[in-house]
Amino acid sequence: MDDSMKMCSENVNFFYGRQQALKEINLNILPNKVTAIIGPSGCGKSTFIRLLNRMNELVPHTTLTGRIYLDGQDILMPCVDPVEIRRRVGMVFQKPNPFPKNIFENISYGLEVNSIRNKRFIEERVVESLKKAALWDEVKDRLYDSALNLSGGQQQRLCIARCLAVKPEVLLFDEPCASLDPISTRKVEELILELKKDYTIAIVTHNMQQAARVSDYTGFFLLGELIEFDKTEKIFKAPEDHRTEDYITGRFG
Amino acid sequence: MKRDIIQKIGFFSLFLSILITFSFLGMIVYFIFSRGLPVISWDFLTQPPRNAMTEGGVAPVIIGTVYLTLGSMIFAVPLGLACAVYLCEYSPKSFVVNVIRISINNLAGVPSVVFGLFGLAVFVKFFGFGVSLLSGSLTLGILALPLIISASQEALIAVPYSIREASLSLGATQWQTIRRIVLPTAFPGILTGVILSIGRVAGETAPILFTAAAFYKRGYPKSIFSEVMALPYHIYALMTEGAHPDKQRAIAYGCSLILLFLVLSISGVAIFLRQQQRSYHG
Ligand SMILES: Nc1ncnc2c1ncn2[C@@H]1O[C@H](COP(=O)(O)OP(=O)(O)O)[C@@H](O)[C@H]1O
Ligand SMILES: [Mg+2]
């Protein structure tokens, strides 16, 4: 593999039981870029992205072949601790999933489970994360209110802040705006563009305009295969494969 | 118009069933109160019995029931919770585990006198704990185990997978996720289950019949190896033994009233907690 890649999948096949969900996926994720993954429902986008932080091995009866690299290291090797990988590769899910705790605890949790005990340090990191997630101004007066009282868009930004607090290197977003209204969606998109400076980002999205707006590279998945992967401009202006073109122009999907 | 009449008859018979059920309930409460209330007094609640159970109070009996119930929970809550966590969170979803799960649920249907005999054979005789607070607590604890396990399992299953996922994705271990996210979220449900099983255990007679209970014992239990008096057994003994049935019967109704009050208020607390939970999740 190439040293300039942050993450990289090599000949990845993935099975739920006997059903093959991914076929020979080779995809590179460049550092400090946003890589979008698009494709119709059920084509394996979530499955792929969840392999990058080893979340899919929690699903019983699955098989994975191929290699996945993070900074040149094969993260599928038996000696690699998945818990460590998940700390380095953070994830924001489709539906906001805050813990039923207060706002402060939602963010400090990730630090505490990673053995950070210093109170002053934790407080500073919570504030910093909320600011980075563009949520600070809205919640600074109610840090000790339940996170469940926030709006959907605020909850999703809280989940982003929670993820940022443990300082991952890569951020994975699985349709982060699927359950948000247009204004919250715009806020999250702006945030992603902002975060690009410090993080490597991969985002699954259903929304073509969103992929075009936020991403530098785009991969198009269809029925478990990676049909095309290129610069986002290229994919949207002059796709090589007619199936990509059909999908982007809305002829199916 | 025939349909109308059939419908009216249908509604009426449904209403009648409610009425019958409710009147039984009302009668129970009425009888226990009307016969028990006259003997209830401050002394009845705070004094030991006197004159061969015909006078005085029932304080040691109440205390005995409290000790037995607490003892059974000290044993059953940690064990039951641990089983539930293992079954829900760790065990593979295999055939064997399913069989274990079903067996535990069936255990809840075993008649309580069978638990009593088991306690006699195992705790009283085999382990040599004798007829004691300890043997009775353990026997009651075993009776409560399946209740606590199934209530805890339900509460654990109700915790959404998405927040476990969130925790794991932050680099938490599975154990940290269980300890810090799953258990606290399931806590109100688990607590409700525990309280309901306290109510159940407090009223049981058969499991303590051979393992813990004494009809008369001077003073309060001194150690976990003492025999104890307990409300349900005391009622039984007052009605079947002794030389002054009339005086004893009055005391038995007093005890029944106390027991009824205890059990109803315990389930009242459980219902209240369940309501709180609904509003929290809703
Ligand atoms: N936990 C699972 N068990 C079995 N099959 C699954 C599971 N998750 C996803 N699949 C299957 O894998 C395929 C890809 O799913 P997914 O990755 O969720 O697609 P997408 O995110 O692109 O909509 C689908 O056919 C889906 O039915
Ligand atoms: Mg998906």
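Each value, and the rule that gives it
- Just so you know, the residues in each chain are numbered from 1, in the order the chain's sequence is written.
- Chain labels run from A onward and ligand labels from 1 onward, assigned in the order the entries are written.
- With the structure being a predicted model, the display of local features is reserved for residues of pLDDT at least 70 and the display and counting of side-chain atom pairs for 80 or more, all residues being used for whole-chain, interface and lining totals.
- Values shown for side chains rest on all heavy atoms present in the structure; no hydrogens or waters enter the calculation.
- In this text, near means that some heavy atom of the residue lies within 4 Å of the molecule or strand in question.
- Polar contact is defined as a pair of N or O atoms within 3.5 Å, subject to the rule that within protein one atom must be able to donate a hydrogen and the other to accept it, and that residues adjacent in sequence are counted only when both atoms are side-chain atoms.
- Calculation of accessible area relied on Shrake-Rupley with a 1.4 Å probe; when residues are assessed, cover is drawn exclusively from the protein chains displayed.
- By the criteria applied, helices consist of DSSP H or I runs no shorter than four residues and strands consist of E runs no shorter than two, each listed in order from the N terminus.
- Side-chain classes are defined by residue name, with Ala, Val, Leu, Ile, Met, Phe, Trp, Tyr, Cys and Pro counting as nonpolar, Asp, Glu, Lys and Arg as charged, and the others, Gly among them, as polar.
- Only heavy atoms matter for contacts: two residues are in contact if any of them lie within 4.5 Å across the pair.
- Once two parts are joined, some of their accessible surface, as seen by a 1.4 Å probe, is lost; buried area is that loss totalled over both.
- The salt bridge definition used is simple: a Lys or Arg side-chain nitrogen within 4 Å of an Asp or Glu carboxyl oxygen.
- Axis definition: a line fitted to C-alpha atoms, over the contacting stretch in the case of helices. Angles run 0 to 180 degrees between N-to-C directions.
- Orientation labels follow simple angle bins: below 35 degrees gives roughly parallel, above 145 gives roughly antiparallel, 65 to 115 gives roughly perpendicular, and whatever is left gives oblique.
- By convention, the crossing between two helices is left-handed when the near helix turns anticlockwise from the far helix through less than a right angle, and right-handed when the turn is clockwise.
- A simple rule labels every residue: compare its accessible area, found with a 1.4 Å probe on the protein chains alone, to the largest value its type can have, and call it buried under 20%, exposed over 50%, or partly exposed in between.

1. Points about the site of ligand 1
Residue and element names in this part refer to chain A.
Part 1 of the argument: Neighbouring residues of ligand 1: Y16, Q19, A21, P40, S41, G42, C43, G44, K45, S46, T47 and V59.
Part 2 of the argument: One of the backbone N or O atoms of G42 is found 2.7 Å from an oxygen atom in ligand 1.
Part 3 of the argument: Here S46 contributes a side-chain N or O atom positioned 2.6 Å from an oxygen atom of ligand 1.
Part 4 of the argument: Against a free-state accessible area of 550 Å², the protein chains account for coverage of 62% of ligand 1.
Part 5 of the argument: Among the secondary structure elements, those contributing two or more residues to the shell around ligand 1 are strand 2 (19–29) and helix 1 (45–51).
Part 6 of the argument: No other element matches helix 1, which puts three residues into the shell around ligand 1.
Part 7 of the argument: Looking at the shell around ligand 1, its residues break down into five nonpolar, six polar and one charged.

2. Focus on the interface of chain A and chain B
Part 1 of the argument: Counting residues at the interface gives 25 residues for chain A, matched by 18 residues for chain B.
Part 2 of the argument: Buried area between chain A and chain B, summed over both chains or domains, comes out near 1,800 Å², and the portion from carbon and sulfur atoms is 60%.
Part 3 of the argument: Considering only the side of chain A, the residues that lose the most area to chain B are P100, Y109 and V113 of chain A, jointly responsible for 28% of the buried surface there.
Part 4 of the argument: If you look at where chain A meets chain B, you find two salt bridges.
Part 5 of the argument: E112 of chain A serves as the salt-bridge partner of R180 of chain B, at 2.5 Å between the closest nitrogen and oxygen.

3. Topic: the packing of helix 3 (residues 103–113) of chain A against helix 6 (residues 152–165) of chain A
Residue and element names in this part refer to chain A.
Part 1 of the argument: One way to put it is that helix 3 packs onto helix 6 with a least axis distance of 7 Å and a crossing angle of 30 degrees. Taken together, helix 3 and helix 6 sit at an angle that is classed as roughly parallel. For helix 3 against helix 6, the interelement crossing comes out right-handed. In this structure, helix 3 contributes I103, N106, I107 and L111 to the contact, and helix 6 contributes L158, A161, R162 and A165.

4. Observations regarding helix 7 (residues 161–169) of chain B
All names here are of chain B.
Part 1 of the argument: Here helix 7 lies mainly inside the structure; seven of its nine residues are buried.
Part 2 of the argument: Those residues of helix 7 lying buried are I163, R164, E165, A166, S167, L168 and S169.
Part 3 of the argument: Trailing helix 7 by a residue or two, G171 shows a phi angle of about 90 degrees, which is positive.

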